[in-house]
Amino acid sequence: GENVEQHPSTLSVQEGDSAVIKCTYSDSASNYFPWYKQELGKRPQLIIDIRSNVGEKKDQRIAVTLNKTAKHFSLHITETQPEDSAVYFCAARDDKIIFGKGTRLHILP
Amino acid sequence: GAGVSQSPSNKVTEKGKDVELRCDPISGHTALYWYRQRLGQGLEFLIYFQGNSAPDKSGLPSDRFSAERTGGSVSTLTIQRTQQEDSAVYLCASSFLGGRNTGELFFGEGSRLTVL
């Protein structure tokens, strides 16, 4: 079955700087790669996703890139703000959605 | 309501007791997932229902865990003879496979289980 690895487990960046979270997946049949944000005590919510026929997608300060050959994808957050502090999960789907273990992002004032 | 509803929101039980957790997905959503989230940990896949297909039970950690989905809607996750390591938040999520937002999961608030 699918296995998703996510790095780093914790990331601290200065407010205004960029943050990058990387994931790899094992199943070459996976075709959908969402990213979820989970704030403390809240449910995970989708922030952006990318499909296997696209290499990059942007939404304001957030972008995702996908390298199908290498089976890895990344989340980029630019101009980070305090409200970006949360746990971020990448995921991959062939027939079901499997999550990485998460990255705890701290935005330092 | 418009969202995924889970009950109970909190459950404290004694080791060895059975518990049932309920999930009411968004109307019309054909896919339903259960995940387990231990404190400070990731989203561990448990089981996946898709339409009328046989469920994918590959994530269930032991035969003490089972789940069913009646009429393609409400799902119940049952944990028999609970152990302390079962303590976690159990999250249910549903999605509508089709259209522009294919695959987006909508999560419930979760059921926090504490086994004493």
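This section reports on the structure supplied with the text. All values derive from a computational prediction rather than experimental measurement.

## Some details on the overall build of chain B
Thinking step 1. Tallying secondary structure elements over chain B gives zero helices and 10 strands in all.
Thinking step 2. Going from N to C terminus, chain B has its helices and strands arranged as β-β-β-β-β-β-β-β-β-β.
Thinking step 3. The C-alpha radius of gyration of chain B comes to 14 Å, within 12% of the 13 Å expected for a compact globule of 116 residues.
Thinking step 4. Split into buried and exposed, the 116 residues of chain B put 48% on the buried side.
Thinking step 5. In chain B, the proportion of contacts linking residues at least 24 apart, taken out of those at least 6 apart, comes to 54%.
Thinking step 6. Side chains of chain B give 12 positive and 12 negative charges; the mean places of these two sets differ by 1 Å.

## Side note on the nonpolar core
Thinking step 1. Counting 42 residues, the largest nonpolar core has Trp35, Leu75 and Phe99 of chain A together with Tyr35, Leu105 and Phe107 of chain B as its most contacted members.
Thinking step 2. Looking at this core, the element that brings in the most residues is strand S9 (residues 86-93) of chain A, giving seven residues.
Thinking step 3. Each residue touching Phe99 of chain A, except ones within four places of it in the same chain, is listed here: Val4, Tyr36, Phe89, Cys90 and Ala91 of chain A together with Tyr35, Leu43, Leu105 and Phe107 of chain B.
Thinking step 4. Grouped together as the second largest cluster of nonpolar side chains are 20 residues, Val19, Cys23, Leu60 and Ile79 of chain B included.

## Concerning unusual backbone geometry
Thinking step 1. The residue after His7 of chain A, namely Pro8 of chain A, is reached through a cis peptide bond having omega -5°.
Thinking step 2. Along the chain, Pro8 of chain A turns up in the loop between strand S1 (4-7) and strand S2 (10-14).
Thinking step 3. Between Ser7 of chain B and the following residue, Pro8 of chain B, the backbone shows a cis peptide bond with an omega angle of -5°.
Thinking step 4. Within the secondary structure, Pro8 of chain B is located in the loop between strand S1 (5-7) and strand S2 (10-13).
Thinking step 5. Positive phi is not limited to glycine here, since Arg81 of chain B has a value of about 50°.
Thinking step 6. As for its placement among the helices and strands, Arg81 of chain B is situated in the loop between strand S7 (75-79) and strand S8 (88-95).

## Some points on the sheet that holds strand S3 (residues 19-25) of chain A
Residues and elements named next belong to chain A.
Thinking step 1. Overall, antiparallel pairing links the five strands, which are arranged S1-S3-S8-S7-S6 in an open sheet. Strands with a single pairing partner mark the edges of an open sheet, and in this sheet they are S1 and strand S6 (56-59). Sheet twist, expressed as the average angle between the axes of neighbouring strands with direction ignored, equals 15°.
Thinking step 2. For S3 and strand S8 (residues 72-77), the ladder comprises six bridges, and the chain directions are antiparallel. Paired with Val20 across the two strands is His76, which belongs to S8.

## Notes on the pattern of salt bridges
Thinking step 1. Across all of its chains, the model carries nine salt bridges over all chains by this definition.
Thinking step 2. Residues Lys42 of chain A and Glu39 of chain A are paired through a salt bridge, measuring 3.8 Å at the closest nitrogen-oxygen approach.
Thinking step 3. Relative accessible area serves as the criterion here: at 33%, Glu39 of chain A is assigned to the partly exposed category.
Thinking step 4. We note a salt bridge from Arg36 of chain B to Glu44 of chain B, for which the minimum N-O separation is 3.0 Å.
Thinking step 5. In this structure Arg36 of chain B comes out as buried when scored by relative accessible area, which is 4%.
Thinking step 6. Through salt bridges that share partners, Lys37, Glu39 and Lys42 of chain A make up one connected network.

## Overview of the packing of aromatic side chains
Thinking step 1. In this structure the tally under the stated criterion is 13 aromatic pairs over all chains.
Thinking step 2. Judged by centre distance (4.7 Å) and plane angle (45°), the rings of Tyr25 of chain A and Phe33 of chain A are tilted. No difference in accessibility class separates Tyr25 of chain A from Phe33 of chain A, as the two residues are buried.
Thinking step 3. Ring centres 6.0 Å apart and planes at 40° place the aromatic pair Tyr35 of chain B and Phe107 of chain B in the tilted group. In this pair, Tyr35 of chain B sits in strand S4 (residues 31-37) while Phe107 of chain B sits in strand S9 (residues 106-107), placing the two residues 72 residues apart along the sequence.

## A short note on the pairing of S8 of chain B
All names here are of chain B.
Thinking step 1. For S8, a buried count of eight out of eight residues is recorded, marking the element as mostly surrounded by other parts of the structure.
Thinking step 2. A two-sided burial pattern is seen for S8, the buried positions comprising Ala88, Tyr90, Cys92 and Ser94 on one face and Val89, Leu91, Ala93 and Ser95 on the other.
Thinking step 3. Here S4 pairs with S8 via seven bridges, running antiparallel. Its bridge partner being in S8, Arg36 is matched across the sheet by Tyr90.
Thinking step 4. Relative to strand S10 (residues 111-115), S8 runs antiparallel, the two sharing three bridges. Bridge assignment links Val89 to a residue of S10, and that residue is Arg112.
Thinking step 5. Strand direction decides the pairing type here: S8 and S9, joined by two bridges, are antiparallel. Bridge pairing links Ala93 to Phe107 in S9.

Reading the values: the criteria
- Residues numbered from 1 in each chain as written.
- Chains lettered and ligands numbered in written order.
- Predicted model: local features only at pLDDT ≥ 70, side-chain atom pairs only at ≥ 80, totals over all residues.
- Heavy atoms only, no water.
- Helix = DSSP H or I, 4+ residues; strand = E, 2+ residues; numbered from the N terminus.
- Rg over C-alpha atoms; globule rule 2.2 N^0.38 Å.
- Buried < 20%, exposed > 50% of the residue type's maximum accessible area, 1.4 Å probe, protein only.
- Contact = heavy atoms within 4.5 Å.
- Lys, Arg positive; Asp, Glu negative; His and termini not counted.
- Charge placed at Lys NZ, Arg CZ, Asp CG, Glu CD.
- Core = buried A, V, L, I, M, F, W, Y, C linked by side-chain atoms within 4.5 Å.
- Pairing = 2+ DSSP bridges.
- Axes fitted to C-alpha atoms, helices over the stretch in contact; angles between N-to-C directions.
- Salt bridge = Lys/Arg side-chain N within 4 Å of Asp/Glu carboxyl O.
- Phe/Tyr/Trp six-rings, centres within 6.5 Å; stacked < 30°, edge-to-face > 60°.

Honestly, that's just the spatial picture; any functional story needs more than this.
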